[in-house]
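# Understanding the architecture of this molecule
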Amino acid sequence: ATAWRYWDGIPAPPNVSAEEWSLRLAAVRIRSGKADEGVAALKRALADRKTLVPDLVRRGAALARELLDSGNPEAAGAVFDLMLPLAAGNDARGILFGLGRIQELAGRNPAAADYFLRSALLADAQAPDALALQARFAAGINLARAGYKEDARAQFRWLLGNANDPTQREAARRELSRL
């Protein structure tokens with residue numbers, strides 16, 4: 001739990017960028033049980049950044065998922081929020097999906113559906129990929145929970161028409177029958 005203290009104040013090694021070093025230090029603090037301090041340090045380090053190399057965005061998003069999986073959705077949301085404006089393409093889709101999970105866990109179903117749909121609609125490919133299908137399904141579930149039955153039906157019908165996997169089509173059919 002005190003490992004971060006040994007790292008605190010050490011300048012970035014010559015072959016490591018300041019942003020990468022800040023992310024490493026934040027990860028050490030977070031994994032040492034100091035999530036708030038780690039998130040605050042990351043916010044300070046990235047405050048004026050307009051861009052970040054994709055690898056660091058992915059590592060930041062992975063750190064946020066780690067926080068979410070370990071039961072700290074507030075800190076996870078803060079890290080996702082930091083990474084989202086710096087992300088593009090599939091990285092942004094994954095972050096939006098993670099923000100949707102956080103909203104879903106908090107019972108904020110309309111907000112969750114919004115994040116899931118934004119994730120699904122950022123897909124670059126002509127045919128929907130696994131993340132787009134999963135995001136549409138999650139959006140449909142959250143729309144139904146929020147009472148937006150017609151919108152939920154639209155998502156499940158879209159899945160019936162676009163999913164190739166029989167399991168996904170069956171799950172959409174089952175959810176559609178519940179509405």
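Read on for a plain summary of the structure.

## Thoughts on the overall build of the protein
Along the protein, the regular secondary structure elements total ten helices and zero strands. Seen along its three principal axes, the alpha-carbon backbone of the protein occupies a region of about 60 × 30 × 25 Å. Split into buried and exposed, the 179 residues of the protein put 44% on the buried side. A sequence separation of at least 24 residues applies to 51% of the contacts in the protein between residues at least 6 apart. Here the protein has roughly 9,600 Å² of accessible surface; of this, 51% comes from carbon and sulfur atoms.

## Examining helix α5 (residues 73-83)
In terms of residue burial, α5 counts as a mostly covered element, since eight of its eleven residues are buried. Where α5 is concerned, the buried positions are A75, A76, G77, A78, V79, F80, L82 and M83. Here the buried face of α5 lies against α3 (35-46), α4 (54-69) and α6 (89-105).

## Section: the pattern of salt bridges
The full count for this structure, using the stated rule, is 13 salt bridges. For R101, the salt bridge identified is with D69, shortest N-O distance 3.1 Å. Of this pair, R101 sits in helix α6 while D69 sits in helix α4, placing them 32 residues apart in sequence. A salt bridge links R173 to E170; its shortest N-O distance comes to 3.1 Å. With R173 and E170 both in helix α10 (residues 166-178) and three residues apart, the pair spans about one turn of that helix. Overall, the relative accessible area of 39% leaves E170 in the partly exposed class. Linked through salt bridges whose partners overlap, the residues forming this network are E20, R24, D55 and R59.

## Section: the side chain of E175
Looking at the secondary structure, you find E175 in helix α10. If we skip the residues at most four places from it in the chain, E175 touches F137, I141 and F156.

## Some points on the packing of aromatic side chains
Evaluation of the coordinates by the stated rule reveals two aromatic pairs. The side chain of R136 reaches across the aromatic face of W158, ending 4.0 Å from its centre.

## Some details on helix α2 (residues 18-31)
For an α-helix, 3.6 residues make a turn, and residues three or four places apart therefore share a direction. Taking 1.5 Å of rise per residue, 14 residues should cover 20 Å, and α2 covers 20 Å from first to last C-alpha, within 8% of that figure. Within α2, eleven of the 14 residues are buried, leaving the element largely enclosed by the surrounding structure. For α2, the full list of buried residues reads E19, E20, W21, S22, L23, L25, A26, A27, V28, R29 and I30. Downstream of α2 by a residue or two, G33 has a phi angle that is positive, lying close to 90 degrees.

## A few points about the packing of α2 against α3
Between α2 and α3, whose axes approach to 7 Å, the crossing angle comes to 170 degrees. When the interaxial angle is binned, α2 and α3 end up roughly antiparallel. Two secondary-structure elements touch here, α2 through E19, S22, L23, A26, R29 and I30 and α3 through A35, E37, G38, V39, A41, L42, A45 and L46. Across the contact of α2 with α3, the residue classes tally to nine nonpolar, two polar and three charged.

## Here we look at the environment of R49
With respect to the helices, strands and loops of the structure, R49 is situated in the loop between α3 and α4. Setting aside its immediate chain neighbours within four residues, R49 contacts E19 and L86.

## Notes on the nonpolar core
Ranked by size, the top nonpolar core spans 31 residues in total, and within it L42, L52, L67, V79, F80, M83 and I95 carry the most contacts. Elements that contribute at least two residues to this core include exactly α2, α3, α4, α5 and α6. Excluding its chain neighbours within four sequence positions, the residues that come into contact with F80 are A61, A64, R65, I95, G98, L99 and I102. Residues A139, I141, F156 and A163 belong to the second largest nonpolar core, which totals 18 residues.

Procedures and definitions
- Residues numbered from 1 in each chain as written.
- Predicted model: local features only at pLDDT ≥ 70, side-chain atom pairs only at ≥ 80, totals over all residues.
- Heavy atoms only, no water.
- Helix = DSSP H or I, 4+ residues; strand = E, 2+ residues; numbered from the N terminus.
- Buried < 20%, exposed > 50% of the residue type's maximum accessible area, 1.4 Å probe, protein only.
- Contact = heavy atoms within 4.5 Å.
- Areas by Shrake-Rupley, 256 points an atom, 1.4 Å probe, with all protein chains shown as cover.
- Salt bridge = Lys/Arg side-chain N within 4 Å of Asp/Glu carboxyl O.
- Phe/Tyr/Trp six-rings, centres within 6.5 Å; stacked < 30°, edge-to-face > 60°.
- Lys NZ or Arg CZ within 6 Å of the ring centre and 35° of its normal.
- Expected span 1.5 Å × (residues − 1).
- Axes fitted to C-alpha atoms, helices over the stretch in contact; angles between N-to-C directions.
- Parallel < 35°, antiparallel > 145°, perpendicular 65-115°, else oblique.
- Nonpolar A, V, L, I, M, F, W, Y, C, P; charged D, E, K, R; others polar.
- Core = buried A, V, L, I, M, F, W, Y, C linked by side-chain atoms within 4.5 Å.

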